[in-house]
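This is what each chain is made of:
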Amino acid sequence: MDDIVFVGDWIKERELGKGSFGTVVLWKHKRTDEKLAIKTCQWGDEMTAKHRERWTKEVEMLQDCKNANIVATKELPPEFVTGLERANPSGLPILCMEYCSGGDLRQVLNKPESCAGLKEQQIRQILSDIRNAMEFLHLSKITHRDLKPENIVMHVLDSVQPANVGVQGQRKVIYKLIDLGYAKEIDSNSVCASLVGTLQYLAPEIIYSKSYSNSVDFWSFGLVAFELICGTRPFLPFMAPVQWMPYVKKKAHEDICIYETFHGDIQNSTEIFPENYISKPFKTLLEQWLRIALEWDPKLRGRDTPSRVTFNIPSEQKVATSKIVVFDVLKKVLTQRIIKIFSMATLSHIAYEIDESTTIAILKSQIYNDTKIPTSEQILVTQMNFMELRDDDCAVKYWNEDTMLYLYNKTNLIKDYVEPTVPIAVQRCLEHPKALYNFKNSYDLYKSGLYFVMSQMELYDSLINGFFVRAESLKYEGKQLLLKHNSVDKDIASLLAKQEILKQLVDTGKEHIKHLRETSTGTNLLGGFDKTFKDSDDITERINKLQTAWSQLTVRLQSATRRSNEVITIELSNFVTKFNYQVVYSNAYKAYLSYKKAESMNRGREKQCQDIVKVCYDCLKLRSKILQEIRSQAFVMKLMDLSTEFAKIGDIVSHASDNTNKLVNDLNLVLKELTDCTWSTISLVVKDAAGLSEVPYSVVSFEKKDFKIGEPVSNHCIKMTNQVKEEDEAFKSLIEESMKLRKSQINLSLKLNSQKELLHKSFYDFSFLDEA
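Residues numbered from 1 in each chain as written. Predicted model: local features only at pLDDT ≥ 70, side-chain atom pairs only at ≥ 80, totals over all residues. Heavy atoms only, no water.

- You'll find the protein entered in an unreviewed UniProt entry as IkappaB kinase, with Arctia plantaginis given as the organism.
- Recorded under Subcellular location (unreviewed entry), the UniProt text for the protein is reproduced unchanged: "Cytoplasm". (UniProt positions renumbered as here; feature names shortened; annotations may be inferred.)

1. Some points on the pattern of salt bridges
So, point 1. The final tally for this structure, using the stated rule, is 35 salt bridges.
So, point 2. Measuring nitrogen to oxygen at the nearest pair gives 3.7 Å for the salt bridge that ties Asp-146 to Lys-148. No difference in accessibility class separates Asp-146 from Lys-148, as the two residues are buried.
So, point 3. The closest approach of N and O atoms between Lys-596 and Glu-599, which form a salt bridge, is 3.1 Å.
So, point 4. We classify Glu-599 as buried; its relative accessible area is 18%.
So, point 5. Several salt bridges converge on common partners, so that one network encompasses Arg-390, Asp-392, Asp-393 and Lys-397. (Salt bridge = Lys/Arg side-chain N within 4 Å of Asp/Glu carboxyl O. Buried < 20%, exposed > 50% of the residue type's maximum accessible area, 1.4 Å probe, protein only.)

2. Brief notes about the environment of Gly-302
So, point 1. Here Gly-302 shows up in the loop between helix H8 (280-293) and helix H9 (315-320).
So, point 2. A C-alpha to C-alpha distance of 8.9 Å links Gly-302 and Trp-289, two positions 13 residues apart in sequence.
So, point 3. For Gly-302, the residues in contact, after removing those within four places along its chain, are Phe-218, Ile-292, Lys-323, Ile-324, Val-325 and Val-326. (Helix = DSSP H or I, 4+ residues; strand = E, 2+ residues; numbered from the N terminus. Contact = heavy atoms within 4.5 Å.)

3. Regarding the pairing of strand E12 (residues 266-269)
So, point 1. Pairing analysis gives four bridges linking strand E11 (residues 257-260) to E12, with the strands arranged antiparallel. Looking across to E12, one finds that Glu-260 is bridged to Ile-266.
So, point 2. Where E11 hands over to E12, the hairpin turn is made up of five residues, of which Gly-264 adopts a positive phi near 90°. (Pairing = 2+ DSSP bridges.)

4. Focus: the packing of helix H12 (residues 424-431) against helix H13 (residues 439-518)
So, point 1. One can describe the packing of H12 onto H13 by two numbers: an axis separation of 8 Å at closest approach and a directional angle of 105°. Put simply, H12 runs roughly perpendicular to H13. Of H13, the residues touching H12 (which contributes Ala-425, Val-426 and Cys-429) are Asp-444, Leu-445, Ser-448, Gly-449 and Phe-452.
So, point 2. By residue class, the composition of the contact of H12 with H13 is five nonpolar, two polar and one charged. (Axes fitted to C-alpha atoms, helices over the stretch in contact; angles between N-to-C directions. Parallel < 35°, antiparallel > 145°, perpendicular 65-115°, else oblique. Nonpolar A, V, L, I, M, F, W, Y, C, P; charged D, E, K, R; others polar.)

5. Comments concerning the pairing of strand E16 (residues 405-409)
So, point 1. When you tally the buried positions in E16, you get five out of five residues, the bulk of the element.
So, point 2. Pairing geometry for strand E15 (residues 378-382) and E16, over five bridges, is antiparallel. Its bridge partner lying in E16, Leu-380 is registered against Leu-407.

Set out below in C-alpha cells:
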C-alpha cells in the first residue's frame, strides 16, 4: 500500500497506525479537504478463519455503534474499492472512519508535562466521554476487551461546540473509543476464553482464569482512570503483569494502588499518589469509585457489594444480591459540584463539595478549618465579576469548572512565611544531593522534580492572578461605596432641609416668646417651649458635626477611589518579567527529556541525578526570593492600604447612614413636640376667652381681610418660597388648618363679647316693686 498515493481525487497524507494485521491511513480530498481514516487488512490468504471473523465483526460492530464517543464509520467512496484492491489482498471489507485529528491519549500521557497526570477539568471530560461509550457498549451487550490510552482518540471540533466537550489546551475536543477488533458480544452472565488485549491493562481473570465476563472492562477502565490522574498505573508499573498480579490478589478492597518504596519494599495504599493536579474532594470521590472498578474478584467488581466480607457467603449468592453500579457511581462523581478556591495568605489551593444548600457562610466555616483564617477576616472574591461574596449568598451561584474563587485575609495579604509542599523524592534528593539512584528511584525523582517545578509555577500564576483580581475587586468596591455614599448624601441633604425649616420655626418662636416675657404677657402659658427649643439646639449641633465629618469623608473616599482606578497591570508585568519560573521550568523539562531518552541505558545501573537535584534547589531558592521581594512591592502595599481604607470608609458610611436615620427621627420628634406645644398653648388661650383681648395679636390673631394662604401671618414670620418639598406638604397643611381655627376663634370671641354687653343692659322696668 506504500506505493499507492492517489486514488481518484483523494491524496494519501500519512499512515496513522499499524496493528498486527491492519493498517490505518489518512486520506485527504484535494478539492473539499475532507479527511478519512481508512483501515485495510494487510494480510492475504495466510489469515486464519478466526482472524477473518474478527475483522468482519469489527466492521459490523462499528457500523452498528451510533454513539458520540465511539469513532463513527462513514460510507467508503466507491473509488477506493478498486483503488485499494492491491493493498487489500484478503478481500475483507475496508473500514472507513471519521478522522480524529487530536491523536490518541497515549501521546498526551507521554508528554513530560503529563508525567504526574492531567488537569482535573481534562480528566473529568475524558472519564465522562469514556463512561458514556463503555456504558453504551455494555448495554449493547458488547465487551471492548482492549480499553487502553492508545484506543482513546481526540476528535477536534472546528466551530460548533456542544455542551459535552472537553478542553485540550484551548481546543475543544471529544474523546472517542476506537479499535473494536477485540470486542465481543457478551452479556453480564456470558464468558469467553481468549487471551486478548494489551497485557498491562488486562483484568486478572483473563490471565488466571479460563473464563471472564464484561467486568474485565471495569478493571481496564479503572487502570486508565488512575493513569490519567497520576501519570502512572496503580499496581507496580515497573513490573510485568505476572509479577505484580500476585501482590494485587492479596490486596484489601480499600487498596487502590501498590508501589515500591525507595528501598524496594512493597507498599499498599488506599489513596491516590499525592503528586497530582486534582482537587482534594474530587480525589476522595474518585478513590471511592476506584475501589469498585479495581476489585480483584470479577464477580464483585463494579458492583455495590464490597469484597473481603467476613460473612461466609458464596460469591454467587453475593452477586445475586448486588447490582452493577460502576457507571452510575462515576456519573455521580463527575456531576458533583466542587468549588475551587485559591488562598492568597496561605498560598494554597483548596476546594469543597457544594450543593444548593451551601451558603458562603458555611463555606467560610469550612475554609477556617483548613486555613485557620477567622471567618470575620475572610474576603471571598469571584473571578467572574470581581464581587465580594455575601455570607447569605448561595455558593452554587459562583460555581464554574473554568473559574476559581480567591480568598483574602483582611489584615494580612500574604503571610511572612509559607512552607512549601515538597514531594518526598525531592526532599530526599535535597538532603542527599550526591546519592545514587536505581532506575525506579531515579524515574520517581525526575518525575517528582518536574511535578514540583510545575506545581510551584501554578501557585505563582495563581498568586499573580490573585493580585489582579484583588485590584479589580477594589475598583468594584470603590464604585459600590460611591453609590452608597451618594445615597447617604441625599439623605443628609433631606435632613438639612428639614433642619432649616425647624430652625426657622424655632428662631421665630424664640423672638415671640422673648417679647412676651419682656412684657410679662401670658408667661404662665409659655413654659413648655423651653425644652423644645433646647432639643432643637441639640439636634442642630449634632447635624453640624455630621455635616463636617461627612465633608471630610467625601474627600477621603474620592481620593481612595482615584487610587483604586490606577492600573497595577504594568507593575505586575514588570515583576513577573523580573521573577519567573521559565528558566527553572526549562531546565527541569530538559532534564526529564534527557533522562527519558537514556531510559534504556539507565535500567541496569545506578546513577547520580545532580541535574534534577540542582533544578529542585533552584526552584526552592527562587520561590523564597519571590515571596521575599513581592511583600515589599509598591502594588502590594497599595492593595493592602486600599483594602484597609475601603473597610474603614465602609464602616463610616454605614454609621453615617444609621446616624442620619436617627437624626431624621429625632428631628421629626422635635417638630411634633413644637406643634403639640403650640396647639396646647392655643387650647389654653381659647379656654381663657375672657382674657383673650389681653393676649398679643402676634400669638392668637391675624388680619382677616388681608390673609391669604402662603402669605405671612405677621411681620415676625419669614416669607416661605415655593421650594417646599413633598415631605413638607403635611406641615403646610398644618399651617392652613391653624389659620382656619384662628378664624373660628376670633368669631367666637366676637360673639362672647357681644353676649357680655347684652347681659349688662336692662330689658324690664321693676320700679313698681318699690311702690308697693
